[in-house]
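Here's the letter readout for the chains.
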Number of protein chains: 2
Amino acid sequence: MAPAETGRPRETVAGLRQGCTHREGVPVMTGAPCPAWQLHPGPAVFCSWHLGHRPQFHPLKHGFDEWFGSPNCHFGPYDNKARPNIPVYRDQEMVGRFYEEFPINLKTGEANLTQIYLQEALEFIQRQQAAHRPFFLYWAVDATHAPVYASKPFLGTSQRGRYGDAIRELDDSVGRILRLLRDLSIAENTFVFFTSDNGAALISAPRQGGSNGPFLCGKQTTFEGGMREPAIAWWPGHIPAGQVSHQLGSIMDLFTTSLSLAGLEPPRDRAIDGLDLLPAMLQGRLTDRPIFYYRGNTLMAVTLGQYKAHFWTWTNSWEEFKQGIDFCPGQNVSGVTTHSQEEHTKLPLIFHLGRDPGERFPLSVASIEYLDALRRITPVVQQHQEALVPGQPQLNVCNRAVMNWAPPGCEKLGKCLTPPESVPEKCSWPH
Amino acid sequence: MAPAETGRPRETVAGLRQGCTHREGVPVMTGAPCPAWQLHPGPAVFCSWHLGHRPQFHPLKHGFDEWFGSPNCHFGPYDNKARPNIPVYRDQEMVGRFYEEFPINLKTGEANLTQIYLQEALEFIQRQQAAHRPFFLYWAVDATHAPVYASKPFLGTSQRGRYGDAIRELDDSVGRILRLLRDLSIAENTFVFFTSDNGAALISAPRQGGSNGPFLCGKQTTFEGGMREPAIAWWPGHIPAGQVSHQLGSIMDLFTTSLSLAGLEPPRDRAIDGLDLLPAMLQGRLTDRPIFYYRGNTLMAVTLGQYKAHFWTWTNSWEEFKQGIDFCPGQNVSGVTTHSQEEHTKLPLIFHLGRDPGERFPLSVASIEYLDALRRITPVVQQHQEALVPGQPQLNVCNRAVMNWAPPGCEKLGKCLTPPESVPEKCSWPH
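Residues numbered from 1 in each chain as written. Chains lettered and ligands numbered in written order. Predicted model: local features only at pLDDT ≥ 70, side-chain atom pairs only at ≥ 80, totals over all residues. Heavy atoms only, no water.

For chain A, the name recorded in an unreviewed UniProt entry is N-acetylgalactosamine-6-sulfatase isoform X5, with Bos indicus as its organism. Among the UniProt annotations of chain A, the heading Sequence similarities (unreviewed entry) holds the following wording: "Belongs to the sulfatase family." (UniProt positions renumbered as here; feature names shortened; annotations may be inferred.)

Below, the structure is given as structure tokens:
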């Protein structure tokens, strides 16, 4: 594998919450790395979808032609009474449930799921190639999400424990996908992008979670450890191998980039936040652009160039923290990793991410550097906020009755469960 | 450059203190990366020496044939009254002093020193090659030690600030040394080893210090951030490119490894702690061995396999810490990064460095894993302590009179200073 790394892409979560939801079936981006796509129709998604589990949200209703996988993470096992186990779909219909037809041994960490997803991906690519059809594949395995799993040949093979085993299987699988593209002689017209949707979930570390290296905190925060992701773009013959780009990007850019690869313009009837990353990847051209970091409706922070300004700081509540839920284990930056929601909108905390990627040393508000940075950041944020059109809240109503009790296809399998009474409630999001 | 990385070599400091000393001229290993050696006589050392500045300790008295550089770091500038500026030597005699004949602009960070050291190294190699002489070169530049410096072409070129500029110049210089070895067609019989003597000095971060990535704390501690180093071995045609070794090593191993390269046996009249790393580098053979971590005479910790046991924890004193001296900025692991010297000799804190390289999650003392690890570690430590022969303390006496007032050669330059009265005192080592 000879990747061209695009330096610091990260995601923003404007209006969306991070993390898995098994409540209302609503758009929540999560899952795991998503390599392998080639443009033009015939798309398929394998593994985690996470843009809603109710029928109207299913991938086949949103432009995909095939689907194998699950609408949610492999949380559980549930008891099918208070909560139903998450179903696995082939296209329109469920074919089983996690912990039932798709076993995951929570004690040993053994599960064959990554191998199943891999075979589906390889067969999909082979079918498209045999039919000379261009394709788009979204491959989002969730083996590295707690509870972490790996198949037998990988279990116990890593010095990093079970999490490392899962990573090794993921790495091996990506290698096999890339090898197939080469074997089919379509590597040079297949664009592959590999990234993650959030930083390591340190609440699950070290046995069930990754590491964010030098970055501050983890998933569920707007510090670098929650937001900054590795990203690798692969397109032999087009993207020079081994190059590093310092283009600031977000997962939202992949939409615009995909359109650009297909020779299409983004729709003009709505605001599109994504940037076409092709100039960065193909010609090394850099676009100076801000990235905004939200929690719910609150603009927590913004990055512009090398500077990141925090308008609010918050990890999680004292209440949660005292229960042992820690998004920043072993880390404590005074006045930064706060357990109350601290407002800094007048005088944001500003870090220079080049010198201080770990957000440990806020610039002195009395320094010229601080004032210069603030002078550049302020109008960008003002413009953003003035142009912002509030979205319809989609995560406010929770209802156990809409969980995966009786997904399409359950009758054939005799796996329909009886939903509880419908009781819509206001969702509670503790962080 | 196609390096073979030797995974986790680190140093131990048994009986030696870390850090620069400008007090008694005694053996203190410090400095910076030390690449480029080829075995057999004709050795030279360039840049920081740090094994004593008094005449009896000079490199030419300890097996080196040439010397260009300084016996200490480029600390200062001093006033030549309370403390003399550190001299720079060519062989037996000083040729000037830092901040005088060898300027360092503390405001801009500009200094030409790395370029001077580089030219010396390149000329030395060319001379040896012209004379068909095998050589040993110890090249230990100190540009990345605070106060950090770089030459004009590198200043301001890094996104990492001045520290990054210094690193870029260092990287460029190593590249030029390797290129010369290739140009002279001696790459295949030149063994090059690149490493550092301690982790990043976080007390100087972020402007004047590096980062220890995921590791805990920094230089001056026995946590991974103080002790764990990158190490790259380069020997085209012998060490396979791109290989990673998980051999646990220490800088002391370089002595034994050098002897092995020269076909010599280590002396038998004394205990030699170093291990020959060649089997690890050439054949990928791993040797299971412990590494002991000392502060002064106190055995702070030991690593054995994947497990590290801390018998004592201490960063620095509350007194120092309250003055703003912080070896672990932004990090705080409860009961681990302690500011008092905490004893755990009965029940050491044990970490699994594979799952938890950041030493954030001590194993539960009630777990089977803890008991198994302790059962393996205990006899190894006992054996070590029983076999230990106490050394003669070499850092107990401090005396301003023995500083670099009138180094050899000062007369010719008119640069002799009058030393103060000799007042030997017990040294104070606050950490």
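A. Just the overall build of chain A, in detail. Tallying secondary structure elements over chain A gives eight helices and 17 strands in all. Within chain A, the fraction of its 431 residues that count as buried is 56%. Put simply, 65% of the contacts in chain A that link residues at least 6 apart link residues at least 24 apart. About 18900 Å² of surface is accessible on chain A, with carbon and sulfur atoms providing 54% of the total. (Helix = DSSP H or I, 4+ residues; strand = E, 2+ residues; numbered from the N terminus. Buried < 20%, exposed > 50% of the residue type's maximum accessible area, 1.4 Å probe, protein only. Contact = heavy atoms within 4.5 Å. Areas by Shrake-Rupley, 256 points an atom, 1.4 Å probe, with all protein chains shown as cover.)

B. How the structure looks around unusual backbone geometry. Put simply, Gly 76 of chain A and Pro 77 of chain A share a cis peptide bond, and its omega is -5°. In this fold, Pro 77 of chain A is placed in the loop between β3 (66-69) and β4 (87-90). Of note, the amide linkage connecting Ala 205 of chain B to Pro 206 of chain B takes the cis form, showing an omega dihedral of 0°. Even without glycine at this site, Glu 359 of chain A takes up a positive phi of about 50°. As for its placement among the helices and strands, Glu 359 of chain A is situated in the loop between β15 (349-352) and α7 (368-387). Unusually for a residue other than glycine, Cys 217 of chain B sits at a positive phi of about 60°. We classify Cys 217 of chain B as buried; its relative accessible area is 0%.

C. Structural view of the pattern of salt bridges. All names here are of chain A. In this structure the tally under the stated criterion is 28 salt bridges over all chains. A salt bridge links Glu 224 to Lys 308, with the nearest nitrogen and oxygen atoms 2.7 Å apart. Residue Glu 224 is located in helix α3 (residues 224-227), and its partner Lys 308 is located in strand β12 (residues 307-310); the two are separated by 84 residues in the primary sequence. A residue is classified by how much of its surface remains accessible, and Glu 224, at 0% relative accessible area, is buried. Residue class for Lys 308 comes out buried when judged on its relative accessible area of 0%. Each member of the salt-bridge network shares a partner with another, and the members are Glu 224, Arg 228, Lys 308 and Glu 359. (Salt bridge = Lys/Arg side-chain N within 4 Å of Asp/Glu carboxyl O.)

D. Region of the structure containing the relation of the copies chain A and chain B. Once chain A is rotated about the relating axis by 180° and shifted along it by 0.0 Å, it coincides with chain B to within an RMSD of 0.0 Å. What the superposition gives is, in effect, a two-fold axis relating one chain to the other. By C-alpha distance to the rotation axis, the residue of chain A lying nearest is Gln 331 of chain A, at 2.1 Å. A symmetric contact is evident, with 100% of the interface residues of chain A recurring at the interface of chain B. (Least-squares fit on C-alpha atoms with pLDDT ≥ 70 in both.)

E. Inspection of helix α1 (residues 113-130) of chain B at higher detail. All names here are of chain B. Its 18 residues give α1 an end-to-end C-alpha distance of 26 Å, which sits within 8% of 26 Å, the value for a rise of 1.5 Å per residue. Burial in α1 covers these residues: Leu 113, Thr 114, Gln 115, Tyr 117, Leu 118, Glu 120, Ala 121, Leu 122, Phe 124, Ile 125 and Gln 128. Two residues or fewer past α1, His 132 is found with a positive phi of approximately 55°. (Expected span 1.5 Å × (residues − 1).)

F. A look at the sheet that holds strand β10 (residues 291-295) of chain B. All names here are of chain B. The four strands are arranged β10-β11-β12-β15 in an open sheet whose pairing can be described as antiparallel. Among the strands making up the open sheet, the edge pair consists of β10 and β15 (349-352). Across this sheet, the average inter-strand angle for adjacent strands is 20°, counted without regard to direction. This element, helix α7 (residues 368-387), spans β10, β11 (298-304), β12 (307-310) and β15 of the sheet and lies at about 125° to β11. (Pairing = 2+ DSSP bridges. Axes fitted to C-alpha atoms, helices over the stretch in contact; angles between N-to-C directions.)

G. Geometry of the interface of chain A and chain B. Every contact between the two is made by 23 residues of chain A and, on the other side, 23 residues of chain B. Between chain A and chain B, the buried area comes to about 2100 Å², and carbon and sulfur atoms account for 53% of it. Among the residues chain A hides against chain B, the three largest losses belong to Gln 159, Arg 355 and Phe 361 of chain A. Together they make up 31% of the total. Linking chain A with chain B are two salt bridges, by the criterion used here. (Buried area = accessible area lost by both parts, 1.4 Å probe.)

H. Representation of the state of the cysteines. Residue and element names in this part refer to chain B. Summed over all chains, the structure comprises six disulfides over all chains. Two residues share a disulfide in this structure: Cys 217 and Cys 328, whose sulfurs sit 2.1 Å from each other. Residues Cys 217 and Cys 328 are joined through a disulfide that is right-handed, its torsion about the S-S bond being 100°. Of the two residues, Cys 217 is situated in the loop between β7 (192-195) and α3 (224-227) and Cys 328 in the loop between α6 (318-322) and β14 (342-343); the sequence distance between them amounts to 111 residues. The disulfide bridge from Cys 410 ends at Cys 416, spanning 1.9 Å between sulfur atoms. Handedness of the Cys 410-Cys 416 disulfide follows from its S-S torsion of about 90°: it is right-handed. (Disulfide = S-S within 2.5 Å.)

I. A look at the environment of Val 397 of chain B. Residues and elements named next belong to chain B. Structurally, the position occupied by Val 397 is in strand β16 (residues 397-398). What makes Val 397 partly exposed here is its relative accessible area of 40%. As a C-alpha pair, Val 397 and Met 281 span 116 residues in sequence and 41 Å in three-dimensional space.

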